[in-house]
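Architecture at a glance
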Amino acid sequence: MLGLNKKDFNLLLIVMALALLAPFLLNPFPSDSGLAQFNAGYPDLMQKFVIFGIFAIGFNILFGLTGYLSFGHAAFLGVGSYSCVWMFKLLGYNVLPGIMLSVVTSGIFAYLIGIVSLRRSGIYFSILTLAFAQMSFALAYSVLSNPKFNLTNGETGLQVYADDPQIFHSASAPDLPHLFGLSMRATEKLQIGAWEFQFNAGYYLCAIIMIAMFYLSIRIFRSPFGMMLRAIKSNNTRMNYTGLNARPYTLAAFVISGMYAGLAGGLLSAMDPLAGAERMQWTASGEVVLMTILGGAGTLIGPVLGSGLIKYFENIFSKINSTVLHNWFSFLPEGLEDLMVTLIYPFVGKGWHLTLGVMFMLIVIFLPGGLVEGGQRVKRLFKRRKSSDTDDEATQSTPAE
Amino acid sequence: MGILEVKNVNKRFGGLQALGDVNLSVEENSVHAIIGPNGAGKSTLLNCLIGKLIPDTGSVMFDGQSVLGRKPYEICQMGISRVFQTPEIFGELSVLENMMIPIFAKRDGAFRMHAIESSSNEKTIIEQAEHVLDSLNMADKRHMNSASMSRGDKRRLEIGMCLSQNPRLLLLDEPTAGMARADTNNTIDLLKQISDERDITIAIIEHDMHVVFSLAERITVLAQGTPLVEDTPDNIKGHPKVREAYLGESA
């Protein structure tokens, strides 16, 4: 179906279901219950899930297939964000030109950085990309925001002002990012019993783009091009002596994954028309590496799961403060309650990074293949149990003598 | 004129003269062995033939064209395939995929952007790959991960990958080093079969005299970076100079 084999098509269906039903899936707890703070079905957060999903899917095309670990992918995210806001400033609030320009500019950026960085491999490649990303950050943060030539608006971040040209802006169109009049902030609310589900136009735009990008990545993984990329990761020497030029292959993968990052950046701006330099910082580059490894580098669905998990932690765990903790443990005697809160407090709220770090360590040590490997192990365990059951029956039915 | 003509090749590494005035001519469709004691310059010579090293002086011509200054992938596209001392295969890929990649390279050249087509739709490539695997008696292993095969099978696969491109010259660098006797004999039989059935020139660097004398039609003996003698195996066997080079003057 759609040029995919059955297994891949099923995977696509799963991702489609996850993305389209997210407003339900992420809101499992009634809004008046104590667990409601674990709900993640808000437009802002759901948008981040799918946008960073796109970012990680793209990153995985480079890292998962070729093994080239880029530490500067946030640069393309940032370039995409700025491009999109510039389109808002110049043309108007329709998101389509903005998103398209972010893909194009980040592609050009990735091509230029790729040509230089891909002269080296391994750790040197990582350091080169990191250097380029930090340079881009510095450019965006200060160099390109002087009064004579203000491309990025420095510390404040690039945003749309009332005196911007916006030449295609019509009076009837909303004064916010929109797709042919449909505001990205438009949200339908559905009340069922104690549950409230939110359906946001911006989220669904991002989700549909994410599904399309996921589909594209499956096609790339299963193509001869994808096979060549895996061959580069596996044995670059044999690649050269088989008459294949590895450089353009890696460069193409680098540009494609840069364009994915640019698309994600453009969508971030399309959801919230503000682009800041901090999007290019090295922590943002590191985050996408974590997402991909956590989910399972080189697997199709891994990056989507990884980005979801990290964004969930970042937004939900960080909201648990000491009052919430005291509420949870209020049933305990006072001394014990304080002890529990003191023990858990460093791992929640502002300390959510600590939990993430511990989790990352555990996964890398025990599940080097990420969450996907975890899933496969569970599946295998069930299979083995089933087959050992049948073995038992077989031995029972044939008596020893 | 041989298919491979090496003329006056010199290569120095600092104070060490690795190759001094090497002249070598490999006849088309022959099996030519290059032997010599350790440090004789065999590997340096081979690296000069496949673009890994550039000699200081001299020329290396393949079928009338110079190979000097060309990248390894360009030299491969000219029709020179190389088999390594330790089998170089795509360990993380399946055996069938290993075989498909060189056939893609032969059809599409050094680079082609085919990112949307599905590899499982490339029927002719798969058919060709399976045909080569069949001829190597490896058809039953095609879905195996190639890293998990025995060394002998890896060597077979590597040779098969080279042959799938129909090269005109096959260069082998100690193809049986570190192999068990049975695997060595299998490799010898395979190479014999290849040179009998195909229009292919084989140049082989080897330590193992058993391999050399069961395969080669011509032998060049290299010592201290210069060719000592070039002759047929029968004449090489009893040659006093060769004995001297291998066993020292006292022998």
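On a predicted model such as this, the values are computed, not experimentally measured, just so you know.

So, how was this worked out
Residues numbered from 1 in each chain as written. Chains lettered and ligands numbered in written order. Predicted model: local features only at pLDDT ≥ 70, side-chain atom pairs only at ≥ 80, totals over all residues. Helix = DSSP H or I, 4+ residues; strand = E, 2+ residues; numbered from the N terminus. Rg over C-alpha atoms; globule rule 2.2 N^0.38 Å. Buried ≥ 20, exposed ≤ 12 C-beta atoms within 10 Å, placed from the backbone. Contact = placed C-beta atoms within 7 Å. Axes fitted to C-alpha atoms, helices over the stretch in contact; angles between N-to-C directions. Parallel < 35°, antiparallel > 145°, perpendicular 65-115°, else oblique. Left-handed = near helix turned anticlockwise from the far one by under 90°. Nonpolar A, V, L, I, M, F, W, Y, C, P; charged D, E, K, R; others polar. pLDDT = per-residue confidence, 0-100. Core = buried A, V, L, I, M, F, W, Y, C linked by C-beta atoms within 7 Å. Expected span 1.5 Å × (residues − 1). Pairing = 2+ DSSP bridges.

A count of helical and extended segments in chain B gives nine helices and 10 strands. Against the compact-globule benchmark of 18 Å for 251 residues, chain B has a radius of gyration of 19 Å, which places it among compact chains. Overall size of chain B, expressed as C-alpha extent along the three principal axes, is 60 × 40 × 30 Å. Every one of the 251 residues in chain B was classed for burial, and the buried ones make up 42%. When contacts within chain B are restricted to residue pairs at least 6 apart in sequence, long-range pairs at least 24 apart make up 68% of them.

Regarding its fold elements, chain A presents 16 helices and six strands. Taking 21 Å as the expected radius of gyration for a compact globule of 401 residues, we find that chain A reaches 24 Å, a close match to that expectation. The dimensions of chain A, computed from C-alpha atoms along their principal axes, are 95 × 70 × 45 Å. When the 401 residues of chain A are sorted by exposure, 44% land in the buried category.

Helix packing for two helices is described by the angle between their axes and how far apart those axes are. Residue and element names in this part refer to chain A. Relative to each other, helix α11 (residues 282-295) and helix α12 (residues 302-316) sit at 120°, their axes nearing to 7 Å. The angle between α11 and α12 falls in the class oblique. Seen from above, α11 lies across α12 with right-handed handedness. In contact with E287, L290, M291, T292, L294 and G295 of α11, α12 contributes G302, P303, V304, L305, G306, S307, L309 and I310. The residue inventory of the contact of α11 with α12, partitioned by class, reads eight nonpolar, five polar and one charged.

Another point: the confidence of the model for chain B. Residue and element names in this part refer to chain B. On average, residues of chain B score 90 in pLDDT, and 98% of them are at 70 or above. Helix α3 (residues 95-108) holds the highest mean pLDDT among the elements of chain B, 95, whereas helix α9 (residues 240-247) holds the lowest, 76. Reported confidence for the predicted complex is 0.90 by ipTM and 0.92 by pTM.

Let us look at the environment of F111(B). Mapped onto the secondary structure, F111(B) falls in the loop between α3 and α4 (123-135). A count of 17 C-beta atoms within 10 Å places F111(B) in the partly exposed class. Setting aside its immediate chain neighbours within four residues, F111(B) contacts N245(A), P248(A) and Y249(A).

We now examine the nonpolar core. Counting residues in hydrophobic clusters, the biggest one holds 174 residues, and the most contacted among them are I54(A), F55(A), Y260(A), A264(A), L267(A) and L171(B). If one sorts the elements of this core by residue count, helix α10 (residues 246-271) of chain A sits on top with 16 residues. Ignoring any residue separated from it by four or fewer positions in sequence, one finds Y260(A) in contact with I54(A), F55(A), I57(A), G58(A), I61(A) and M213(A).

All names here are of chain B. Over its 13 residues, helix α5 (residues 151-163) extends 18 Å from the first C-alpha to the last, a length consistent with the 18 Å expected when each residue adds 1.5 Å. Among the 13 residues of α5, 11 are classified as buried, and the element is accordingly described as predominantly covered. Within the span of α5, buried status applies to D153, K154, R155, R156, L157, E158, I159, G160, M161, C162 and L163. Check the buried side of α5 and you find it contacts β6 (80-83), α3, α4, β7 (169-173) and α6 (181-197).

Before going further, it helps to spend a moment on the interface of chain B and chain A. Interfaces are frequently sized by the accessible area removed from exposure as the parts join. Between chain B and chain A, the residue contacts involve 29 residues of the former and 26 residues of the latter. Considering each element in turn, the side of chain B that touches chain A owes the most residues, five residues, to α3(B). Split into classes, the residues belonging to the side of chain B that touches chain A amount to 16 nonpolar, seven polar and six charged.

Before going further, it helps to spend a moment on the sheet that holds strand β8 (residues 201-205) of chain B. In sheet architecture, strand pairing relies on hydrogen bonds along the backbone and comes in two forms, parallel and antiparallel. All names here are of chain B. Spatially, β6-β7-β8-β3-β9-β10 is the arrangement adopted by the six strands of the open sheet, whose pairing is mixed. Each edge of the sheet is formed by a strand with only one pairing partner; in this case those strands are β6 and β10 (226-231). Sheet twist, expressed as the mean angle between neighbouring strand axes with direction ignored, is 20°. Two elements, strand β3 (residues 31-35) and strand β9 (residues 218-223), share four bridges in a ladder whose sense is parallel. Looking at β9, one finds that H32 is bridged to R218. On top of the sheet, helix α1 (residues 42-49) reaches β3, β7, β8 and β9; it is set at about 145° to β7, its chief contact.

The next subject is the sheet that holds strand β1 (residues 4-13) of chain B. Residue and element names in this part refer to chain B. The antiparallel open sheet is built from four strands, whose spatial order is β2-β1-β4-β5. Of all strands in the sheet, those with a lone pairing partner are β2 (16-26) and β5 (65-66), marking the two edges. α1 rests against β1, β2 and β4 (57-62) of the sheet, and its axis sits at about 60° to β2.

Looking at the secondary structure, you find K233(A) in helix α8 (residues 224-234). Sequence spacing of K233(A) and Y68(A) is 165 residues, and the spatial spacing of their C-alpha atoms is 7.9 Å.

A few words now on the pairing of strand β5 (residues 195-200) of chain A. In this structure, strand β4 (residues 187-192) of chain A lies alongside β5(A), joined through six bridges in antiparallel fashion. Within β5(A), the residue paired with E188(A) across the bridge is F199(A).

To continue, consider unusual backbone geometry. All names here are of chain B. Backbone geometry at N8 places phi at a positive 50°, although glycine is not the residue there. When you line up the elements, N8 lands in strand β1. The class of N8 is partly exposed, set by 13 C-beta atoms lying within 10 Å. The phi torsion at D63 lies on the positive side, around 50°, for a residue other than glycine. Relative to the assigned elements, D63 resides in the loop between β4 and β5. Here D63 falls in the partly exposed class, since 17 other C-beta atoms lie within 10 Å of it.

Looking now at the environment of R70(B). Residues and elements named next belong to chain B. Mapping R70 onto the fold places it in the loop between β5 and α2 (72-78). For R70, a count of 19 C-beta atoms within 10 Å gives the class partly exposed. With sequence-adjacent residues up to four places away left out, R70 is seen in contact with G51 and I75.

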